[in-house]
Amino acid sequence: MITGDLKSQIDQIWNTFWTGGITNTITIVEQLTYLIFIKDLDETEIRSELKSKHGFKYTPIFSIEQQPFRWKNLKEMDVNARHDVFTNTVDGVFPFIRSLGKDKSLFSVYMRGATFGISKPMVLDQVMEKLGNIDMSNQDTKGDIYEYLLSKLEGGGTAGQFRTPRHIIKLMVELMRPTLEDTICDPSCGSAGFLVGAKEYIDKHNSVTDIDRAAHHINTEMFNGMEFDATMLRIASMNLYLHGVEEPNIIDVDAVSKDNTISDAYTLVLANPPFKGTIDKDSISAGLKNVTDTSKTELLFLALMLRQLKSGGRCAVIVPDGVLFGSGKAHKSIREEIVANNKLEAVISMPSGVFKPYAGVSTAIMIFTKTETGGTDNVWFYDMQADGKSLDDKRNVLVSEEIFDAFAFGDVSETLTKERIATLHDKFNLPDIISRYPNRYRENRKRTEQSFMVPFSEIKTNEWNLSINRYKEIVYEEVKYDEPQVIINRIDSLENDRKYLMSNLTSLLK
């Protein structure tokens, strides 16, 4: 979690872009991504050079001709000469970056599409100076900085894509508790927020020895994502790289299309797939249409997750409310598939302001396990009413920013004392959800409370309807009114007062 001076330094860099005429948030993040990458390449080279003095053998990143592209040398150049190096499309920095794709890692492959977008030499100069003053030698700090930059992307995308707020990602990761044995996938990964959240959980809940022992799995197999937006492919790869995943598997593919043939591959899926999007029926993977015959992406993604999970694999996914109660054949068939043929664990209803100001859509988190043989007995429903922020377009934090950031970016277990949960609850339900979920079978709460269990048979009777409103009991408070004659007398009294005041006013005007 970054705070204080470091946060201020990042905000200053952001403002430099704005005052320099670059206001598109994705463009800012992308250009900063390249600069951080270039800085990181030089730091890696410097470390290798130091180790070589003790016999370490390595292949230099920079040839003799490419030495001007090293961060330490770029910093020493004249402002305009440096800008020329960046804008040179034949022998400059960016052709060099794109050439790194020859090493065949997916990360480097995606950098091939990198283009420079800072047109003013002074803006580049100021950004590099401020970036150079930040110590990124610590891997955690580097990742935190990048995560903070990406938090500025929260909000709307296109075609029903809404980037997931950091505290909601944290909630879902804490509920799923990823382990070192997991192989994790987000089939609509965007900036890879869920995968990074899972990596942070792994780092905090395992010893250094165990992490070192699993290094190959972590670096090459554990983290998998799918995305078809070229910019997001680069940002996602960079995000994971800066969080210590050397070769993240971010695949360039439309996940629900015929081009994606992956099945029975992952033990955990974390995702917030596009809402309300549609896809050409002819391009949909045939296996998905067998589960739910539709072109609606929110339903196809659920079918895809079932296909991609291994038996016993778990999934936590954000869905629009319509998925929970839609009466169409496709909606019912995917709900029946999850409830009757697999094991639905929980449905956490979220307030409609979670994705504001970009969308007011109501959503929920579905948690299920792939069994292919059923297993749903009781489903835990939770009615989240407050996520810690105001539910209007402003989305102001309602608890102290220190507590909220500690939850979203820090170690949740350190902020979850019972006293603190109770104090925060009216404005911030997320700690309560994390606390109750593991104990849901031991609780015996009434249907009038914020969370409760619903048996499989009742859900089946209700045609697989998963809306919490179908099962929650509302307690109405009795309101007593005066007798009609008492109300009429009160109205007569007001009318007499009005006539008296009008009479006095008329007299004054004569």
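Since the model is a prediction, treat every value here as computed from it, not as a measurement.

Reading the values: rules and limits
The numbering scheme is per chain: residues are counted from 1 as the chain's sequence reads. Whole-chain, interface and lining totals are the exception, using all residues; otherwise, since this is a predicted model, local features are given only for residues with pLDDT of at least 70 and side-chain atom pairs are given and counted only at 80 or more. Where side-chain values are given, they derive from all heavy atoms of the structure, hydrogens and water being excluded. The numbering of helices and of strands both runs from the N terminus, where a helix is a DSSP run of H or I of at least 4 residues and a strand a run of E of at least 2. Two N or O atoms form a polar contact when they lie within 3.5 Å of each other; inside protein one atom must be a possible hydrogen donor and the other a possible acceptor, and for residues adjacent in sequence the pair counts only when both atoms belong to side chains. Pairing of aromatic rings covers Phe, Tyr and Trp, the last through its six-membered ring, and needs centres within 6.5 Å; plane angles under 30 degrees mean stacked, over 60 mean edge-to-face, and all others mean tilted. Relative accessibility under 20% of the residue-type maximum defines a buried residue, over 50% an exposed one, and the middle range a partly exposed one, all with a 1.4 Å probe and only protein chains included. Only when the NZ atom of a Lys or the CZ atom of an Arg is both within 6 Å of the ring centre and within 35 degrees of the ring normal do we say a charge sits over the ring. Confidence per residue, as judged by the predictor, is encoded in pLDDT with a range of 0 to 100. Contacts are assigned to residue pairs with any non-hydrogen atoms lying within 4.5 Å of each other. Two strands pair under a simple rule: DSSP has to find at least two bridges between them. Orientation is described by axes fitted as lines to C-alpha atoms, over the contacting stretch for helices, and by angles from 0 to 180 degrees between their N-to-C directions. Disulfide assignment relies on a single distance test, namely cysteine sulfur atoms paired within 2.5 Å.

*Asks:* Could you give me a rundown of the environment of Glu227, with the residues and numbers involved?
*Replies:* Topologically, Glu227 is positioned in strand S4 (residues 223–227). Along the chain, Glu227 and Val253 lie 26 residues apart, while their C-alpha atoms are 5.7 Å from each other. Among the polar contacts made by the side chain of Glu227, one reaches the main-chain amide nitrogen of Gly190 at a distance of 2.9 Å.

*Asks:* Which residues make up the packing of aromatic side chains, and what are the values?
*Replies:* Inspection of every chain in the model, using the stated rule, returns 13 aromatic pairs. Relative to Phe452, the ring of Phe381 lies with its centre 6.2 Å away and its plane at 15 degrees, an arrangement referred to as stacked. Of this pair, Phe381 sits in strand S10 (residues 378–383) while Phe452 is found in strand S11 (residues 451–455), placing the two residues 71 residues apart along the sequence. Each member of the pair, Phe381 as well as Phe452, carries the same accessibility label: buried. In this structure, Arg440 packs its charged tip against the face of Tyr437, placed 4.0 Å from the ring centre.

*Asks:* Tell me about the confidence of the model for the protein chain, and please be specific about residues and values.
*Replies:* Here the protein chain averages 86 in pLDDT, and 90% of its residues register 70 or above. Mean pLDDT in the protein chain bottoms out at strand S1 (residues 155–156), which sits at 47, and peaks at S10, which reaches 98. Every residue in residues 155–160 is under pLDDT 50, and counting partners more than four places away or in other chains gives 14 contacts.

*Asks:* How would you summarise the pairing of S4 if you had to cite specific residues and measurements?
*Replies:* Counting buried positions along S4 yields five of five residues, so the element is predominantly enclosed. The side-chain alternation of S4 yields two buried faces, one formed by Phe223, Gly225 and Glu227 and the other by Asn224 and Met226. Strand direction decides the pairing type here: strand S3 (residues 184–186) and S4, joined by three bridges, are parallel. When the sheet's bridge partners are listed, Ile184 is paired in S4 with Phe223. Sheet topology note: the S4/strand S5 (residues 249–252) ladder contains four bridges and is parallel. Bridging from a neighbouring strand, Asn224 pairs with Asn249 of S5.

*Asks:* Help me get a handle on the sheet that holds S4, residues and values and all.
*Replies:* Taken together, nine strands build an open sheet; the order of strands is S5-S4-S3-S6-S7-S9-S8-S10-S11 and the sheet is mixed. Because the sheet does not close on itself, it has two edges, and the strands there are S5 and S11. With direction set aside, neighbouring strand axes in the sheet form an average angle of 15 degrees. Pairing of S3 with strand S6 (residues 266–271) involves two bridges; the strand directions are parallel. Across the sheet, the residue bridging to Ile184 is Leu268, located in S6. Strand contacts of helix H9 (residues 166–176): S6, strand S7 (309–320), strand S8 (343–350) and strand S9 (363–369), with the helix running at about 155 degrees to S7, the strand carrying the most contacts.

*Asks:* Lay out the side chain of His331 with the relevant residues and their values.
*Replies:* Tracing the sequence through the fold places His331 in helix H17 (residues 329–341). Residues contacting His331, with those up to four places away along its chain left out, are Lys296, Leu299, Gly322, Val323 and Gly326.

*Asks:* I'd like to hear about the state of the cysteines, residue by residue, with values.
*Replies:* As used in these notes, a disulfide is a covalent bond between sulfur atoms, one from each of two cysteines. For the coordinates displayed, the defined rule picks out zero disulfides. Left unpaired, Cys189 is separated from the closest cysteine sulfur, that of Cys185, by 8.2 Å. Residue classification places Cys189 among the buried positions, given a relative accessible area of 5%. Among the cysteines around Cys315, which has no disulfide bond, Cys185 carries the closest sulfur, lying 9.7 Å off. Taking the relative accessible area as the measure of exposure, Cys315 reaches 0% and is therefore buried.

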